[in-house]
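Overview (structure and organization)
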Amino acid sequence: MKRLDLDDLPPKIAALLEGLEAGEELLLVQHGVVVGRLTAGAGAGPAEPELPPEQHAREVFENFRAAIEDEF
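Presented here is a report on the structure given in the accompanying data block. Residue numbers restart at each chain and count upward from 1, following the sequence in its written direction. Reporting in this predicted model follows two pLDDT cut-offs: at least 70 for local features of residues, and 80 or more for side-chain atom pairs to be given and counted; totals over whole chains, interfaces and linings ignore these cut-offs and use all residues. In computing side-chain properties, one takes all heavy atoms of the structure into account and sets aside hydrogens as well as water.

**What about the environment of E24?**
Elements are defined by DSSP. Helices are runs of H or I of four residues or more, strands are runs of E of two residues or more, and each kind is numbered from the N terminus. By secondary structure assignment, the location of E24 is in the loop between α1 (11–18) and β1 (25–30). When a residue's accessible area, from a 1.4 Å probe over protein chains only, is under 20% of the maximum for its type it is buried; when over 50% it is exposed; and in between it is partly exposed. Take E24: its relative accessible area is 36%, and that puts it in the partly exposed class. Placed 17 residues apart in sequence, E24 and G41 show a C-alpha to C-alpha distance of 8.0 Å. Setting aside anything within four residues of it in sequence, one finds E24 in contact with G19, L38, T39 and A40. A contact between two residues is defined here by any heavy atoms of the two lying within 4.5 Å.

This is how it looks when you write it as structure tokens:
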């Protein structure tokens, strides 16, 4: 899944995206041609708190080890 941080966008575009109601669609147009369509969903609420560095490193290592074991 791709991720776009609204803080990285110009304020006018961020406000447009934030103002979409659940189920409302936004067309992406370039040179008069529709190149994409976004459908707004319900907000997910606050973001998950970040893990402490050592716990994050442990999780990354465990995922890597599991991927290697699955491969071989």
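Once you've had a look at it, read on.
**Focus: unusual backbone geometry**
Negative phi characterises most residues that are not glycine, and trans characterises most peptide bonds. Phi is positive for H31, which is not a glycine, with a value near 55°. Along the chain, H31 turns up in the loop between β1 and β2 (33–39). Judged by its relative accessible area of 77%, H31 is exposed.

**Some words on the pattern of salt bridges**
Salt-bridge detection follows one rule: a side-chain nitrogen of Lys or Arg within 4 Å of a carboxyl oxygen of Asp or Glu. Applying the stated criterion across every chain, the model contains two salt bridges. Residue R37 is joined to E25 by a salt bridge in which the shortest nitrogen-to-oxygen separation is 3.1 Å. One end of the pair, R37, is in strand β2; the other, E25, is in strand β1, and twelve residues separate them in sequence. Among the residues examined, E25 registers a relative accessible area of 44% and is labelled partly exposed. Residue R65 is joined to E69 by a salt bridge in which the shortest nitrogen-to-oxygen separation is 3.5 Å. Note that R65 and E69 are positioned in helix α2 (residues 53–71) at a spacing of four residues, about one turn of the helix. The class of R65 is partly exposed, set by a relative accessible area of 42%.

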